[in-house]
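# Coordinate analysis (summary)
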Amino acid sequence: MTIQRFTVLGGGAWGTALAQTCARAGRDVTLWEFDAGNADHLTSQRESRFLPGVKLDDSIRITRALGEASRADAILLVVPAQAMRSVLTSLAQTITPGTPLIACAKGIEHGTRKFMTEIVGECAPSAVPAILSGPSFAADVARGLPTAVTIAASDAVIAEALAQAMNSGTLRPYHSDDVRGVEIGGAVKNVLAIASGIVTGRGLGASAAAALTTRGFAEMVRFGKAFGARTETMMGLSGLGDLILTCSTPQSRNFSYGAALGKGETPGSKLAEGAFTAPVLLEMARDKNVDMPISAAVAAVLAETMSIDDAIGSLLARPIKAEG
């Protein structure tokens, strides 16, 4: 399978970064942006508003025409999880059957409890659903700093072809056929990153942060097993790797969101997918009888049914048991 033409849907920081890395890999790249103002800025300044100082590769084409954007060998869907369905509904009318659609959002849809590749399958049944996830910040990828991610598709041949096509030398994609495992890691870690941010914002110390990340990972593994993910995937880049990154730095939007909460401040306006994922994650866990006390505490704090101090107290008061 030859993949030369990439389209990136979404001209935000992550979309711009992925367009850059595909161009560095020698691919033909079209960057689609819905917002007229941002599209004009990208065209005229050749620079993202969200990544100042990072110039777009001269070969990247900017468009607002979805029909033009759909003419590609593979399409990266770099839109928020809760907007994925609406974008796909419009895109599905123009794509070529068999085109890989790679979801790059880390979340679960409200109401339907659908993972991103499930939405791709529903809205664009003639396409090939895939997922890209892993420990990566847009600024690092855009600037060509070494980064490794995972690309998964149920067809291992397609997953490998996508990884080969996106290998830019600085972005190193690994491939997998465990689609569910890769997207579960990306969704769950956002919720846990909010918890980690709360711990830091509250000044609870490095020991508490390490304990939370470790026990949070145990929750991720339990949830993954319940929904058919492989444990080795949870141990990899899209699970443990992404969790370590987003639970350790304010560069993570979810961590920063939690840190603001921990300090008693109002979180900023930047999108934190974990805030949307937490309640639906908890619903899904309860349906499968999966014990996720940290995620439940985050959901309660976000819903304002429990204070942060009460949430911390409830976790510390849990019965003593064997680790596992």
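This is a predicted model, so every value here is computed, not measured.

At R113, a position not held by glycine, the phi torsion is positive, near 60 degrees. Its place among the elements puts R113 in the loop between β5 (100-103) and α5 (116-123). Under the relative-accessibility criterion, R113 is labelled partly exposed at 28%. Its identity is not glycine, yet E304 carries a phi of approximately 60 degrees, on the positive side. In this fold, E304 is placed in the loop between α14 (293-302) and α15 (308-316). The exposure class of E304 is exposed, given its relative accessible area of 72%.

On to helix α9 (residues 206-226). Here α9 is 21 residues long and its end C-alpha atoms lie 30 Å apart, about the 30 Å a rise of 1.5 Å per residue gives. At its buried positions, α9 is contacted by α8 (179-201), α10 (231-234), α11 (237-246), α13 (273-287) and α14. Remark: G228 follows α9 within two positions and exhibits a positive phi of approximately 90 degrees.

Here A17 shows up in helix α1 (residues 13-24). The sequence separation of A17 and T213 amounts to 196 residues, and the corresponding C-alpha distance is 27 Å. Excluding anything up to four places from it in sequence, A17 contacts L51, A138, V141 and A142.

Before going further, it helps to examine the sheet that holds strand β4 (residues 74-77). The strand order across the open sheet built from eight strands is β3-β2-β1-β4-β5-β6-β7-β8, with neighbouring strands paired in mixed fashion. Since the sheet does not close on itself, it has two edges, and those belong to β3 (61-63) and β8 (171-176), each with one partner. Looking at each pair of strands side by side, their axes are set apart by 25 degrees on average, direction ignored. The pairing of strand β7 (residues 147-153) with β8 spans six bridges and is parallel. By the bridge assignment, V149 is partnered in β8 with P173. Lying over the sheet, α5 contacts β4, β5 and β6 (128-133), oriented at roughly 155 degrees with respect to β6.

Parameters and conventions
- Residues numbered from 1 in each chain as written.
- Predicted model: local features only at pLDDT ≥ 70, side-chain atom pairs only at ≥ 80, totals over all residues.
- Heavy atoms only, no water.
- Helix = DSSP H or I, 4+ residues; strand = E, 2+ residues; numbered from the N terminus.
- Buried < 20%, exposed > 50% of the residue type's maximum accessible area, 1.4 Å probe, protein only.
- Expected span 1.5 Å × (residues − 1).
- Contact = heavy atoms within 4.5 Å.
- Pairing = 2+ DSSP bridges.
- Axes fitted to C-alpha atoms, helices over the stretch in contact; angles between N-to-C directions.

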